[in-house]
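One letter stands for each residue in the lines below.
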Amino acid sequence: MSDSSAETSDSSNFIRDIIDADLASGKVEKVITRFPPEPNGYLHIGHAKSICLNFGVARDYGGYCNLRFDDTNPEKESVEYVNSIRRDVEWLGFSWHSNPFASDYFGQLYGYALDLIRQGLAYVDSQNADEMRENRGTLTAPGVDSPYRERSPEENLQLFEAMKNDEYPDGAHVLRAKIDMQSPNINMRDPVLYRIRHATHHNTGDTWCIYPLYDFTHGLSDAIEGVTHSLCTLEFEDHRPLYDWILDNLETPSRPVQTEFARLQLEYSLTSKRKLNMLVNEGHVSGWDDPRMLTISGMRRRGYTPESIVAFCDVIGVTKKYSTIEMGVLENVLREDLNKRATRRMAVINPIKVVIENYPEDQEEYFSGANHPQDPSYGTREIPFSREIYIERDDFMEDAPRKFFRLSPGREVRLRFAYYITCKEVIKNDAGEIESLVCSYDPESRGGSSPDGRKVRGTIHWVSARHAVNATVNLYDRLFTTANPGSAADFHQALNPDSNIVMDQAKFEPAIELVDNPLAYQFERLGYFISDYDSTAQQPVFNRTMTLRDSWAKIEQSR
RNA sequence: UGGGCCGUCGCCAAGUGGUAAGGCACCAGGUUUUGAUCCUGGCAUUCGUUGGUUCGAAUCCAGCCGGCCCAGCCA
């Protein structure tokens, strides 16, 4: 495990205020937190917020954070998810103190349940699910007591043990807390603590056929681990009285406190595991690590750095306010990080051939290009040049407006690092499509400036045809066309059909490393790119992580 | 309409009774061999709203308005 290299800012939030107060009052000596995912899916950007909060707070206050798997629902969980979660947390740069499963505590939890029964605070209910639902009441009407509510502790003990000993089928009985069927808080209307489930558990196998529920398990797991600050999302606010009830009625090694914060919501994206699962299973994306997915693994494949994700979590803050973050915020931290670290290269994604008529056929030469315009320590590389080159199709326009600074008939542009060229002729095929361009170059402009000092507005990128490496490039756009696909009745309607465009005619300069290269490139004027897992020397594949900011596109759009 | 929670600039967010930080976005300039980066300046007389307390209120009190969550043997 690596230690986090990412910085969390000292910006305050209400949770840090609480911790400051707890430390100052002596209520807490060492801050202990936990990140408690259920291993029933892959981690996404929303989890990253919780990870950064829990691990960040623990680190900043000199405490520690556990990675605890909240695995009390065996039918939905698997080791595949366990492994992916561990990998993602590590990749984000955090180290856990310990990595327990809630299922490791099943034995202790069972003991706590017996304790509750002996105190007359829990009972075995033999109603079926429908009866229970009916008797629970509604938001406005109180519930009614179960006919089994007054069973004696002895009978309950005997029945609960029989449940554990595999004497009943699924659903025959449940163990319930005996609280208050009239409570205005529905979570307090005798919540279910244990259910019978004959399922193989990824960690405990077939040891158990009864499984505790979240509400019973979570606070006790926190208490067993000595967690001081149990941070969860807003929807658990109504569960806090139950969390407290359980801890108040049982002797536990410590007394954690639950505090809730708002979960992350991001425009144009989904962060519901259920819906992400549908995207994967219905084949709308290639998998959990599809680069369009805002899963940690998808973002990693897309080319996000862990530092950019941590920076994002830092910049959005932590509050109790429901909010939706604009995509621009994520894009901004990504660009900021990538701009600093990306090695510059030239690549042409949508090529059009240019023949430089006055450049000798058998000649070639090399230009030195800086690998980073602001950081000389990145060094330089040699870029081959020859008579035939590729330029971007978008960099040529036959009838160009005045503000178009790129190539068009009769106009002169600078080839980055190389020469000035002027467009002499447009070659078209029978269908009238532009096939190639004939240009002339000014030998005096070698290196990109001319002795006469004449100005050229545009500088475009290029790749020597003779030296080019053929490659495939994946361009990505947001997966959804509406800002809040999650609220739509059917999010399928909002799926963006053009979220992945494959460009298979791309041309790379030879200095680009094609295989097993985890480092970000900036292909000048096109954006940030990373080689895909599947990239090979024979079939190079790169993913565009993010475009550059494009003020020309903005001008063009407003026309 | 029972209970819980939330409302500070287009989007986030600091602010904890002494006179509205910051980021993103946006706008206007400058530098630039990436229409990138970088730099400069602009961008809330007002904090959902109404009333009250106070010398003084985004901060305290009351009412109202708006939004979110809860009726799994999910987490």
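Just above sits the structure.
Residues numbered from 1 in each chain as written. Chains lettered and ligands numbered in written order. Predicted model: local features only at pLDDT ≥ 70, side-chain atom pairs only at ≥ 80, totals over all residues. Heavy atoms only, no water.

Student: What should I look at first to understand the pattern of salt bridges in this one?
Tutor: Pairs can form between side chains of opposite charge once their charged atoms are near each other. Evaluated as defined, the whole model comprises 35 salt bridges. Where Arg 151 meets Glu 155, a salt bridge forms, and the shortest distance between an N and an O atom there is 3.8 Å. Judged by relative accessible area, which is 15%, Arg 151 ranks as buried. A salt bridge links Arg 240 to Glu 260, with the nearest nitrogen and oxygen atoms 2.7 Å apart. Of this pair, Arg 240 sits in helix H8 (residues 240-248) while Glu 260 is found in strand S8 (residues 257-261), placing the two residues 20 residues apart along the sequence. Under the relative-accessibility criterion, Glu 260 is labelled buried at 2%. Connected through shared salt-bridge partners, Glu 237, Arg 240, Glu 260 and Lys 320 make up one network. (Salt bridge = Lys/Arg side-chain N within 4 Å of Asp/Glu carboxyl O. Buried < 20%, exposed > 50% of the residue type's maximum accessible area, 1.4 Å probe, protein only. Helix = DSSP H or I, 4+ residues; strand = E, 2+ residues; numbered from the N terminus.)

Student: Explanation requested: the packing of aromatic side chains in the structure shown.
Tutor: For any pair of aromatic rings, geometry is given as the distance between the ring centres together with the angle between the planes. Evaluated as defined, the whole model comprises 29 aromatic pairs. Relative to Trp 208, the ring of Phe 106 has its centre 6.0 Å away and its plane inclined at 80°; by these criteria the two rings are edge-to-face. In this pair, Phe 106 is assigned in helix H4 (residues 106-118) and Trp 208 in the loop between strand S5 (192-196) and strand S6 (210-212), connecting sequence segments 102 residues apart. The aromatic ring of Phe 405 is capped on one face by Arg 457, whose charged end is 4.1 Å from the ring centroid. Lying over the aromatic face of Tyr 268, Arg 478 brings its terminal NZ or CZ to 3.7 Å of the ring centre. (Phe/Tyr/Trp six-rings, centres within 6.5 Å; stacked < 30°, edge-to-face > 60°. Lys NZ or Arg CZ within 6 Å of the ring centre and 35° of its normal.)

Student: Would you take a moment to explain the sheet that holds S5 for this structure?
Tutor: In a beta sheet, neighbouring strands are held together by backbone hydrogen bonds and run either parallel or antiparallel to one another. Judged by pairing direction, the sheet is antiparallel, and its four strands sit side by side in the order S3-S4-S5-S6 without closing on themselves. Single-partner strands in this sheet number two, and they are strand S3 (122-125) and S6. Going across the sheet, the axis of each strand differs from the next one's by a mean of 20°, ignoring polarity. Where S3 and strand S4 (residues 174-177) come together, four bridges link them in antiparallel fashion. In the strand pairing of S4, Tyr 123 is matched with Arg 176. Across the sheet, helix H6 (residues 153-164) is in contact with S3, S4, S5 and S6; its angle to S3 comes to roughly 60°. (Pairing = 2+ DSSP bridges. Axes fitted to C-alpha atoms, helices over the stretch in contact; angles between N-to-C directions. Contact = heavy atoms within 4.5 Å.)

Keep in mind these numbers describe shape, not what the thing actually does.
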